[in-house]
Amino acid sequence: MKEDIKKNLQDIDGRIRAACERAGRAREEVRLIAVTKLHTPEEMNEAIACGAVDIGENKVQELTAKYDSVLPEARWHLIGHLQTNKVKYIADKVCMIHSVDSLKLAKEINKRCEALGRVMDVLVEVNCAGEESKSGVEPGSAEALVC
């Protein structure tokens with residue numbers, strides 16, 4: 001299994017390098033985040049050992065269940081929808097939250113992180129398609145959320 005993970009990561013890195021070359025960008029400017037949904041901590045540790053240290057989980061419960069079994073050099077990213085009442089479970093564990101979709105959520109993240117003496121990197125999720133089944137702030141409200 002380790003050889004499969006290593007080969008997959010090498011293939012992905014090759015595609016990233018080729019894309020960077022086409023775009024005139026340095027490879028160091030691009031970060032690969034290995035999404036680990038449905039993967040075991042053992043598989044995640046193999047990927048981390050092969051250099052994929054940025055780990056993306058889409059559910060708080062999955063992240064917290066795996067957290068203590070994964071190598072400490074992992075940099076965790078929450079990439080899925082985050083409910084305000086679950087911020088307390090991950091504020092000390094993740095390096096970035098990719099799915100901020102409301103001022104209420106942003107304030108809760110700030111409050112929890114201030115108590116920990118840290119600043120959280122976040123990305124604002126914008127629902128450009130206007131799909132009701134998808135999370136994200138409406139495009140017209142995005143600027144107000146970040147200002």
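Please refer to the structure higher up on the page.
Our subject in this report is the structure included herewith. (Residues numbered from 1 in each chain as written. Predicted model: local features only at pLDDT ≥ 70, side-chain atom pairs only at ≥ 80, totals over all residues. Heavy atoms only, no water.)

### Thoughts on helix α5 (residues 103–116)
Given a rise of 1.5 Å per residue, 14 residues ought to cover 20 Å, and the 20 Å separating the end C-alpha atoms of α5 matches this to within 8%. For α5, the complete set of buried residues consists of Leu 105, Glu 108, Ile 109 and Cys 113. The arc enclosing the buried residues of α5, seen along the axis, measures out at 120°, which places them on a common side. Turned more than 90 degrees off the buried face of α5, the exposed positions are Lys 104, Lys 107, Glu 114 and Ala 115. Check the buried side of α5 and you find it contacts α4 (87–90), β4 (94–100) and β5 (121–124). (Helix = DSSP H or I, 4+ residues; strand = E, 2+ residues; numbered from the N terminus. Expected span 1.5 Å × (residues − 1). Buried < 20%, exposed > 50% of the residue type's maximum accessible area, 1.4 Å probe, protein only. Arc of directions from axis to C-beta. Contact = heavy atoms within 4.5 Å.)

### Description of the sheet that holds strand β2 (residues 54–57)
Pairing in this open sheet of five strands is parallel, and the strands run β1-β2-β3-β4-β5 from one edge to the other. Of all the strands in the sheet, just β1 (34–35) and β5 have a single pairing partner and so form its edges. Here β4 pairs with β5 via three bridges, running parallel. In the sheet register, Val 100 faces β5, and the bridge partner there is Val 124. (Pairing = 2+ DSSP bridges.)

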